[in-house]
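Chain by chain, the residues run as shown.
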Amino acid sequence: MRHLLSTADLDKAEAIELLNLGSEMAAVNKRDVKKLPALSGRTVANLFFEDSTRTRISFEIAAKRLSADVVNFSAKGSSVSKGESLKDTVLTLEAMGVEAIVIRHWSSGAAKTIADSDWSKSVVVNAGDGTHEHPTQALLDALTIRDTILGSSSTGDLAGLRVLIVGDVLHSRVARSNAHLLRTLGAKVAFCGPATLLPSSIADLVDETYLNFDEALAGNFDVVMMLRIQQERMNSSFLPNETEYSNLYGLTMDRFNSLRSSTVIMHPGPMNRGLEIASDVADSKQSVITNQVANGVAMRMAVLYRLMAQEGVGK
Ligand code: CP
């Protein structure tokens, strides 16, 4: 594995190996001294062309915990606003010694463009490209599911688990990456959402689809993962209005109370509290949303370690 662009590129053995490395990094993160020398003297650049809190900060912490030097580049305030291209931005960073590029971009395929190019020598990690993929989010989600349901000492797959992913599937790179990875790991995955946000091309990625949320919740899922409504990517009217969406597809307290007490509640963040998930549900004991964030640091340490320390650098 030279780059991490899509969870569809991971076979089961590679995915489990990464999760097990993530578990080891999570143990490092519980120590008083949360630092490893693995990437000392190496340089990682975080290139963010879209806003982010969790992904950007956790990649920065992850690289620093592996002792790498870290450069944080935000398109806002950079020479991108003067018209500089992605190629020239990458060439500029690599001329300064950057060896790994973590990129979030509004364009689906941006990470692959760099990885496949003959003008970049860097290891490339896709930190979210348009509506396409967000592979490290899916890896941290899988680690959280495994830890929570099977225990933190588990080193196996997710066979037999049932995961329901609900909401704005159409615009969700998280849903796509999770569908590929969770199924590779042996879980059964279902999507639920209004027909406008659940086209047939996306429905083909999973084992089951539901248009009715209450019917889906009766399906005895181990995990219910709520998705953010991505208003910023909607250029036409996908929803009647927010109140109706919340009534039909929101994880309200009433719907939450109908679930088994062992059902795990997830959300990749950022949340629209009161829209796709009730605030009390997000803060409930069954919610593992902050565990997802904590595992984000561990999983991103695992990915950087795997690509930079185990695979080596240089095409
Ligand atoms: N889950 C996620 O990607 O969050 P950010 O947009 O804050 O990075």
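Structure shown above.
Rules used in this analysis
Counting starts from 1 at the beginning of each chain's written sequence and moves along it residue by residue. Totals for whole chains, interfaces and linings use every residue, but because this is a predicted model, local features are given only for residues with pLDDT of at least 70 and side-chain atom pairs only at 80 or more, for both listing and counting. The basis for the side-chain values is all heavy atoms of the structure; hydrogens and waters are excluded. Here, any two strands with at least 2 DSSP bridges between them count as paired. Counting from the N terminus, the helices are DSSP H or I runs at least four residues long and the strands are E runs at least two residues long. An axis is simply a line fitted to the C-alpha atoms; with a helix, the fit covers only the stretch in contact. Between two such axes, the angle follows the N-to-C directions and lies from 0 to 180 degrees. A contact between two residues is defined here by any heavy atoms of the two lying within 4.5 Å. Here, a salt bridge means any side-chain nitrogen of Lys or Arg that lies within 4 Å of a carboxyl oxygen of Asp or Glu. To sort residues, take the accessible area from a 1.4 Å probe on protein chains only and compare it with the maximum for the residue type: under 20% means buried, over 50% means exposed, and anything in between is partly exposed. Whether a residue is near a molecule or strand is decided by its heavy atoms; if any one of them lies within 4 Å of it, the residue is near. N or O atoms within 3.5 Å of each other form a polar contact, as long as, within protein, one can give a hydrogen and the other can take it, and as long as residues adjacent in sequence are counted only when both atoms are side-chain atoms. Under the scheme applied, nonpolar residues are Ala, Val, Leu, Ile, Met, Phe, Trp, Tyr, Cys and Pro; charged residues are Asp, Glu, Lys and Arg; polar residues are all the others, including Gly. Orient the strands so they point away from the viewer, and a crossover whose first-strand-to-second-strand path over the helix runs clockwise is right-handed.

1. Details of the sheet that holds strand 4 (residues 123-129)
Each strand in a sheet pairs with another by means of backbone hydrogen bonds, the pair being arranged parallel or else antiparallel. With parallel pairing, the four strands of this open sheet are ordered in space as 2-1-3-4. Across the chains shown, the open sheet's two edge strands, defined by having one partner strand only, are strand 2 (69-74) and strand 4. If you compare each strand with its neighbour and ignore which way they point, the axes differ by 15 degrees on average. The sheet contact formed by strand 1 (residues 43-48) and strand 3 (residues 100-105) spans five bridges and is parallel. Across the sheet, residue Leu-47 finds its bridge partner in strand 3, namely Ile-103. Packed on one face of the sheet, helix 12 (residues 289-310) meets strand 1, strand 3 and strand 4 and runs near 150 degrees to strand 4.

2. Some words on the pattern of salt bridges
Evaluation of the coordinates by the stated rule reveals 12 salt bridges. Of the charged contacts, one joins Asp-116 and Lys-112 as a salt bridge, the two residues approaching to 2.7 Å between their closest N and O atoms. Here Asp-116 pairs with Lys-112, and both are found in helix 4 (residues 110-116), just four residues apart, close to one helical turn. Judged by its relative accessible area of 53%, Asp-116 falls in the exposed class. Between Arg-255 and Asp-214 there is a salt bridge, with the nearest N and O atoms lying 2.8 Å from each other. With a gap of 41 residues between them, Arg-255 in helix 10 (residues 253-257) and Asp-214 in helix 8 (residues 213-217) connect regions that are remote in the sequence.

3. Topic: the sheet that holds strand 5 (residues 162-166)
The five strands are arranged 7-6-5-8-9 in an open sheet whose pairing can be described as parallel. Since the sheet does not close on itself, it has two edges, and those belong to strand 7 (208-210) and strand 9 (264-266), each with one partner. On average, each strand axis in the sheet is inclined to that of its neighbour by 20 degrees, with strand direction left out of account. Where strand 6 (residues 188-192) meets strand 7, three bridges bridge the pair, whose relative direction is parallel. By the bridge assignment for strand 7, Cys-192 is matched with Tyr-210.

4. Some words on the site of the ligand
Every residue close to the ligand is listed here: Ser-52, Thr-53, Arg-54, Thr-55, Arg-104, His-134, Gln-137, Pro-268 and Gly-269. One of the side-chain N or O atoms of His-134 is found 2.9 Å from an oxygen atom in the ligand. Contact between the ligand and Gly-269: a nitrogen atom at 3.1 Å from a main-chain N or O atom of the residue. For the shell around the ligand, a count of residues per class yields one nonpolar, six polar and two charged.

5. Some remarks on the pairing of strand 3
Extensive coverage of strand 3 is indicated by the burial of six of its six residues. Neither face of strand 3 is open: one carries Ala-100, Val-102 and Arg-104, the other Ile-101, Ile-103 and His-105, and all of them are buried. Pairing analysis gives five bridges linking strand 3 to strand 4, with the strands arranged parallel. Bridged to Ile-103 within strand 4 is Asn-126. Chirality of the crossover, the property in question, places the unit of strand 3, helix 4 and strand 4 among those that are right-handed.

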